[in-house]
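Residue-level structural notes
Read off the chains here:
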Amino acid sequence: YFLSSSWTQVLGAVNQQLQKSQDVLVLWEVYNQLKWSLSNSLQILQSDFTFKLSSLTEQDNTVAQAAAMVTNMESILKRANTLLCDLGQVLEVSKDLTVYLEPLAAGLLQSESRLLSRSILQLSQQVSARRDHLQEELKWLQDFENDLESLETTLEDWQRRLESGAQTDQSGLLELSGLSADLDMLNERSCSLTLGGAAARRLQRLNRYWAQTATRAEEACSEIQTEELRQKPFEQKCERWMAFLQRIEDSLAVDITGSYIGLRQQLCTHKRFQAELAIGQQILHSVITDALHLLQKGEVEDRSDFILKLAQLREHWQGAVQRADQRCSLVEGLVRRWHLYSRTLRKLQKFLSETQNLIPVSGLAHYSLQQLRRSLQDLQHTELLFQRYQSTFIQTLEVGRQLFSMGDQDTQTQLQLDLGTLQEEWENLHSLLAKRMDLTEAIIKNWDHCVAGIADSMLHLKQMKTRLNQSMPECDADLQSALRNDEENEDSLEDWAESLTELSNMKTDLSQYIIADDVLLLQEQVEHLHCQWEELCFK
């Protein structure tokens, strides 16, 4: 009866163990199938992402292509989100499986799951960042395309009006010169965009025909002005010239605005004045010519006073022209500073965003040794980029402060926010980069030191094993010497045990950052050394 009861218990335990093994095997099969499917889908998605990026060529960077690329990135991002949902199933099965595994196998499984999770999350972040960048690029290209098309339409309208000989007053003819500030701004914006070949050629053609059309409009305006001056008496010419001069003085008396939009409007006004100066010069020349005729005819009572007034008018005009040129140059310079500031700020924000994705604030995750070395190379390259962008960063802050000193309250508030955010992100990320580089270098150095220590310990054990394998001496003198050698070997083994403990501690520290697959190699080597050490101690 006792034998039968024991047999039944053993048989029951075996059946339970068999059932447990079958359950674990089923879980392993489910896990491997889900993991293989997910890994394969991830590899395909990574290949698609790389292929889509490589298909983007600067020669054909159009609005349609940028929009198509944004759509592609959104499609890939949706697929990445689907992978994240599938990852949840893999993690759930791995969690159930871990319960039945030994600590070492469970650690390997968790390490494998973490690597898969991080790969999917990194790809999702890369696609999301690229999508955001392309969306911003698309918006800039759309705005540029709309403004380019608007100026092309304006130019075509002016070309038709000039070719048809339609009657247009001087104010209308000079409108094109005032709009040249918008063309200048478009040219500035093209420097910060990667234009396709077609858009670049359209801009070049617009600049060429714009200059030709503006010259024709100014010539037509000059002809109209010449005809009007021929029909006006001296007094009306003087009145018109004085009114024109007063208009320039009034425009110069207006303070320079403190906003970018206001500066653009003032620049258009001054560009128009630049074209109108030729009309003013033409009126002044006609006034002086008529005045000289009056002097020659003797129709002026006080000749010296009349000549003095003419000289004062010329000096007044020259002063006004000089101030108008200076004012136009100042406003144009401020607009260009705004363009420079916006362009460099956008470039730095993009760089900091990419750097943020490279070094997440959450900390250093588990890496394989190969990934860790590659990560160190990426961090070192980013540090080099920080050095290259340093001058751009300083320039952006300096230009921003200059614009701040001349800006209105709203402009100063926005500049203070943008510059403060830029400086804070720059300093925080640069500091975090330095810490992450130091930590990564220390981990790799500790790994190399641990590997070298294991190799040195192995060599030391082999040398002691060789000494212990020597045959026993026969004479008393040799026995005494052998005894001393054995005592020295015993002391050496004790010292070696301390170094093995240091290697074990170092291996434990590395396991915080290195995946279990790689750490397992060190673990096996350390355990092998420990077994050999015990064998030599027994000898």
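The shown structure was predicted, so the numbers you read here are calculated from the model rather than taken from an experiment.

Considering the overall build of the chain
Counting its secondary structure elements, the chain contains 14 helices and zero strands. Seen in sequence order, the chain has helices and strands lined up from the N terminus as α-α-α-α-α-α-α-α-α-α-α-α-α-α. Per-residue burial over the chain gives 36% buried out of 539 residues. Pairs at least 24 apart in sequence give 86% of the contacts found in the chain among residues at least 6 apart. On the chain, roughly 31500 Å² of surface is accessible, and the fraction owed to carbon and sulfur atoms is 52%.

Quick notes on the side chain of Thr 213
Topologically, Thr 213 is positioned in helix H7 (residues 197–231). Residue class for Thr 213 comes out buried when judged on its relative accessible area of 2%.

Quick notes on the packing of aromatic side chains
Applying the stated criterion to the full structure yields eight aromatic pairs. Considering the side-chain rings of Phe 351 and Phe 386, the 5.0 Å spacing of their centres and the 70° angle between planes classify their relative orientation as edge-to-face. Of this pair, Phe 351 sits in helix H10 (residues 303–358) while Phe 386 sits in helix H11 (residues 369–406); the two residues are 35 residues apart in sequence, bridging distant segments of the chain. Where Phe 351 meets Tyr 389, the ring centres are 4.5 Å apart and the plane angle is 25°; that geometry is what we call stacked. Pair noted here: Phe 351 is in helix H10 and Tyr 389 is in helix H11, with a separation of 38 residues, a long-range link.

Quick notes on the packing of helix H6 (residues 180–191) against helix H9 (residues 260–297)
With their axes 8 Å apart at the nearest point, H6 and H9 run at an angle of 125° to one another. Between H6 and H9, the crossing angle belongs to the class labelled oblique. Note on element contacts: H9 touches H6 through Tyr 260, Arg 264, Leu 267, Cys 268 and Lys 271, opposite Ser 180, Ala 181, Asp 182, Asp 184 and Met 185. Considered class by class, the residues forming the contact of H6 with H9 number five nonpolar, one polar and four charged.

Considering the packing of H7 against H9
To characterise two packed helices, one gives the angle between the axes of the helices and the distance between these axes. Axis separation between H7 and H9 bottoms out at 10 Å; the angle between their running directions is 25°. Judged by the angle between their axes, H7 and H9 are roughly parallel. The handedness of the crossing between H7 and H9 is right-handed. Contacts between H7 and H9 involve Glu 218, Cys 221, Ser 222, Gln 225, Thr 226 and Leu 229 on the former and, on the latter, Ala 275, Ile 279, Gln 282, Ile 283 and Ser 286. Grouping the constituent residues of the contact of H7 with H9 by class yields five nonpolar, five polar and one charged.

With respect to the pattern of salt bridges
Per the counting criterion, the structure on display carries 14 salt bridges. With a shortest N-O distance of 3.2 Å, Asp 184 and Lys 271 are connected by a salt bridge. Here Asp 184, found in helix H6, pairs with Lys 271, found in helix H9; they are 87 residues apart in sequence, far enough to count as distant. Residue class for Asp 184 comes out partly exposed when judged on its relative accessible area of 28%. Several salt bridges share partner residues, and in doing so they unite Asp 184, Lys 271, Glu 332 and Arg 336 into one network.

Remarks on the environment of Tyr 389
Through-space distance from the C-alpha of Tyr 389 to that of Lys 347 is 9.4 Å; in sequence the pair is 42 residues apart. Excluding residues within four positions of it along the chain, Tyr 389 makes contact with Lys 347, Leu 348, Phe 351 and Trp 426.

Quick word on the environment of Tyr 209
The residue Tyr 209 is located in helix H7 in this model. Along the chain, Tyr 209 and Glu 156 lie 53 residues apart, while their C-alpha atoms are 9.5 Å from each other. Apart from the residues within four sequence positions on either side, Tyr 209 is in contact with Leu 155 and Gln 159.

Observations concerning the confidence of the model for the chain
Residues with a pLDDT of 70 or more make up 82% of the chain, whose mean pLDDT is 78. At the level of individual helices and strands, the chain shows its lowest average pLDDT in helix H4 (residues 170–173), which scores 58, and its highest in H11, which scores 88.

Quick notes on H6
Over its 12 residues, H6 extends 17 Å from the first C-alpha to the last, a length consistent with the 16 Å expected when each residue adds 1.5 Å. Of the residues making up H6, those classed as buried are Ser 180, Ala 181, Asp 182, Leu 183, Met 185, Leu 186, Arg 189 and Ser 190.

Cut-off values and rules
- Throughout this document, residue positions are counted from 1 along each chain, in the order its sequence is written.
- Residues qualify for local features only when their pLDDT is at least 70, as the model is predicted, and side-chain atom pairs are given and counted only at 80 or more; totals for whole chains, interfaces and linings, by contrast, use all residues.
- Only hydrogens and water are set aside; all other atoms, that is, all heavy atoms of the structure, feed into the side-chain values.
- Only DSSP runs of H or I reaching four residues or more are called helices, and only runs of E reaching two or more are called strands; each is numbered from the N terminus.
- Three labels apply to residues, based on accessible area from a 1.4 Å probe with only protein chains included: buried if under 20% of the type maximum, exposed if over 50%, partly exposed otherwise in between.
- Note on contacts: a residue pair is in contact if any heavy atoms of the two residues lie within 4.5 Å.
- Here the open area of atoms and residues is found with the Shrake-Rupley method and a 1.4 Å probe, where only the protein chains shown may cover a residue.
- Note on ring pairs: Phe, Tyr and Trp rings are taken, using the six-membered ring of Trp, and paired if centres are within 6.5 Å. Classes follow the plane angle, with under 30 degrees stacked, over 60 edge-to-face and the rest tilted.
- Note on geometry: axes are C-alpha line fits, over the in-contact stretch for helices, and angles between N-to-C directions span 0 to 180 degrees.
- Geometric relationships in this document are graded by angle, where less than 35 degrees denotes roughly parallel, more than 145 denotes roughly antiparallel, 65 to 115 denotes roughly perpendicular, and other angles denote oblique.
- Following the grouping adopted for this structure description, the nonpolar residues are Ala, Val, Leu, Ile, Met, Phe, Trp, Tyr, Cys and Pro, the charged ones are Asp, Glu, Lys and Arg, and the polar ones are all others, Gly among them.
- Handedness of a helix crossing follows the sense of rotation of the near helix relative to the far helix, less than a right angle counterclockwise being left-handed and clockwise being right-handed.
- Put simply, a salt bridge is a Lys or Arg side-chain nitrogen that is within 4 Å of an Asp or Glu carboxyl oxygen.
- Confidence of the predictor at the level of single residues is given by pLDDT, which spans 0 to 100.
- Working rule for helices: expected span equals 1.5 Å times residues minus one.

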